[in-house]
Amino acid sequence: MKVYSLHYKQIVNRSLGDVFDFFSSPENLSKITPKKLDFKIMTPGPIKMMNGQLIDYTIKLFAIRVHWRTLITNYDPPNSFIDQQIKGPYLLWHHEHLFREVKGGVEIVDNVHYTIPFGILGRLLHWVWIKRDLENIFLYRKNIINKFFQNDEKENR
């Protein structure tokens, strides 16, 4: 089974507390997810982030609604948290979110490890579409995060 990895990093000019509060609120996921995925949280809110928290949501892939369930396996405010797919489109999805103060603000790091189902067909799909689509999703996310944290705080609430 082939394990793929993504690594993204950006710095925003905000406090560690502000940045972690934003990312540790699952309700904010819809703000940083491309509209084409039609992201919807199914878990009733407000969702309290903690170790063991399950979060159910759906996305659309090729006009088909896909149920995705994640488990928060490590919650260490304000430094990090990990969400892992329990049910969804991947065989494995392990997403580590890291936050640390640096000169100029807070460094946000996303480390993702994932595997694709369907054997050789999955590898082909990854090469043709999935890898590029994930890169575009994280680029969209980076742009939205930059805009969000550059705006006046009153505009973000």
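**Comments concerning the packing of helix α1 (residues 16–23) against helix α2 (residues 119–150)**
Turning to step 1, where the next piece is worked out: Where α1 meets α2, the axes come as close as 13 Å, and the angle between the chain directions of the two elements is 130°. With respect to their mutual orientation, α1 and α2 come out oblique. By crossing handedness, the relation of α1 to α2 is classed as right-handed. Residues Asp18, Val19, Phe22 and Phe23 of α1 form the contact with α2, whose participating residues are Arg141, Ile145, Phe148 and Phe149.

**What to know about the pairing of strand β4 (residues 64–76)**
Turning to step 1, where the next piece is worked out: As paired elements, strand β3 (residues 54–61) and β4 share eight bridges and run antiparallel to each other. Bridge pairing links lysine 60 to arginine 65 in β4.
Turning to step 2, where the next piece is worked out: Pairing analysis gives seven bridges linking β4 to strand β5 (residues 80–87), with the strands arranged antiparallel. Bridged to tyrosine 75 within β5 is phenylalanine 81.

**Details of the confidence of the model for the chain**
Turning to step 1, where the next piece is worked out: The predicted model of the chain averages 93 in pLDDT, with 96% of residues at 70 or higher.
Turning to step 2, where the next piece is worked out: Every residue in residues 151–157 is under pLDDT 50, and counting partners more than four places away or in other chains gives eight contacts.

**Looking at the side chain of serine 24**
Turning to step 1, where the next piece is worked out: Here serine 24 is to be found in the loop between α1 and β2 (40–41).
Turning to step 2, where the next piece is worked out: Overall, serine 24 belongs to the buried group, its relative accessible area being 11%.
Turning to step 3, where the next piece is worked out: When residues no more than four places from it in sequence are discounted, the contact partners of serine 24 are Met49, Tyr75 and Phe81.

**A look at the sheet that holds strand β1 (residues 4–12)**
Turning to step 1, where the next piece is worked out: Judged by pairing direction, the sheet is antiparallel, and its seven strands sit side by side in the order β1-β7-β6-β5-β4-β3-β2 without closing on themselves. In this open sheet, the two strands that pair with only one neighbour each are β1 and β2.
Turning to step 2, where the next piece is worked out: Along the sheet, α1 makes contact with β1, β4, β5, β6 (92–102) and β7 (105–115), crossing β6 at roughly 160°.

Basis of the calculations
- Residues numbered from 1 in each chain as written.
- Predicted model: local features only at pLDDT ≥ 70, side-chain atom pairs only at ≥ 80, totals over all residues.
- Heavy atoms only, no water.
- Axes fitted to C-alpha atoms, helices over the stretch in contact; angles between N-to-C directions.
- Helix = DSSP H or I, 4+ residues; strand = E, 2+ residues; numbered from the N terminus.
- Parallel < 35°, antiparallel > 145°, perpendicular 65-115°, else oblique.
- Left-handed = near helix turned anticlockwise from the far one by under 90°.
- Contact = heavy atoms within 4.5 Å.
- Pairing = 2+ DSSP bridges.
- pLDDT = per-residue confidence, 0-100.
- Buried < 20%, exposed > 50% of the residue type's maximum accessible area, 1.4 Å probe, protein only.

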